[in-house]
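Topology and contacts: notes
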Amino acid sequence: MTKKEQAINKLQNRISKMSDTMIISCLKDMAKPWDQRTEEERIVRAYLFEEYENRNGEDAVDMLFDLIEEIEESKRK
């Protein structure tokens, strides 16, 4: 297993132990316009959304994504 694969596994394990409230809080804290995100932030964000979707389904993650997108757009202004 490469170091990158190990890091991804560690990240996924940590996220899987978070409550839904913690995941939402992290996503809100990380919210910023897409063009201001680092590659690492994009990766973490994707795994947070993935875990939330696995737990709550596609409709729930769509609603969460819309909420986070609104916050991100408000920070662009």
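Residues numbered from 1 in each chain as written. Predicted model: local features only at pLDDT ≥ 70, side-chain atom pairs only at ≥ 80, totals over all residues. Heavy atoms only, no water.

Now for the nonpolar core. Counting 14 residues, the largest nonpolar core has Ile15, Ile23 and Leu27 as its most contacted members. Of all the secondary structure elements, the ones that give two or more residues to this core are helix H1 (3–16), helix H2 (20–30), helix H3 (39–56) and helix H4 (58–76). Not counting residues within four places of it along the chain, the set of residues in contact with Ile15 comprises Ile23, Val44, Tyr47, Leu48, Glu51 and Arg55. (Core = buried A, V, L, I, M, F, W, Y, C linked by side-chain atoms within 4.5 Å. Buried < 20%, exposed > 50% of the residue type's maximum accessible area, 1.4 Å probe, protein only. Helix = DSSP H or I, 4+ residues; strand = E, 2+ residues; numbered from the N terminus. Contact = heavy atoms within 4.5 Å.)

Residue placement: Arg45 occurs in helix H3. The class of Arg45 is buried, set by a relative accessible area of 12%.

Relative orientation of the contacting elements H1 and H3 amounts to 45°, with a least axis distance of 10 Å. Judged on the interaxial angle alone, H3 and H1 are oblique. At the point where H1 passes H3, the crossing takes the right-handed sense. Touching Ile8, Leu11, Gln12, Ile15 and Ser16 of H1 are Ile43, Val44, Tyr47, Leu48, Glu50, Glu51 and Arg55, all from H3. A per-class count over the contact of H1 with H3 returns seven nonpolar, two polar and three charged. (Axes fitted to C-alpha atoms, helices over the stretch in contact; angles between N-to-C directions. Parallel < 35°, antiparallel > 145°, perpendicular 65-115°, else oblique. Left-handed = near helix turned anticlockwise from the far one by under 90°. Nonpolar A, V, L, I, M, F, W, Y, C, P; charged D, E, K, R; others polar.)

Take the environment of Gln12 next. Along the chain, Gln12 falls in helix H1. Owing to a relative accessible area of 29%, Gln12 belongs among the partly exposed residues under this scheme. Distance from Gln12 to Glu51, taken between C-alpha atoms, is 8.3 Å for residues 39 residues apart in sequence.

Turning our attention to the pattern of salt bridges. Here the structure, examined in full by the defined rule, presents seven salt bridges. For Arg55, the salt bridge goes to Asp20, with nearest N and O atoms at 2.9 Å. You can see Arg55 sitting in helix H3 and its partner Asp20 sitting in helix H2, a full 35 residues away along the chain. In this structure Asp20 comes out as partly exposed when scored by relative accessible area, which is 25%. Here Glu72 makes a salt bridge to Arg45, at a shortest N to O gap of 3.2 Å. Separated by 27 residues along the polypeptide, Glu72 in helix H4 and Arg45 in helix H3 bring together distant segments of the chain. Judged by its relative accessible area of 6%, Glu72 falls in the buried class. Connected through shared salt-bridge partners, Asp20, Glu51 and Arg55 make up one network. (Salt bridge = Lys/Arg side-chain N within 4 Å of Asp/Glu carboxyl O.)

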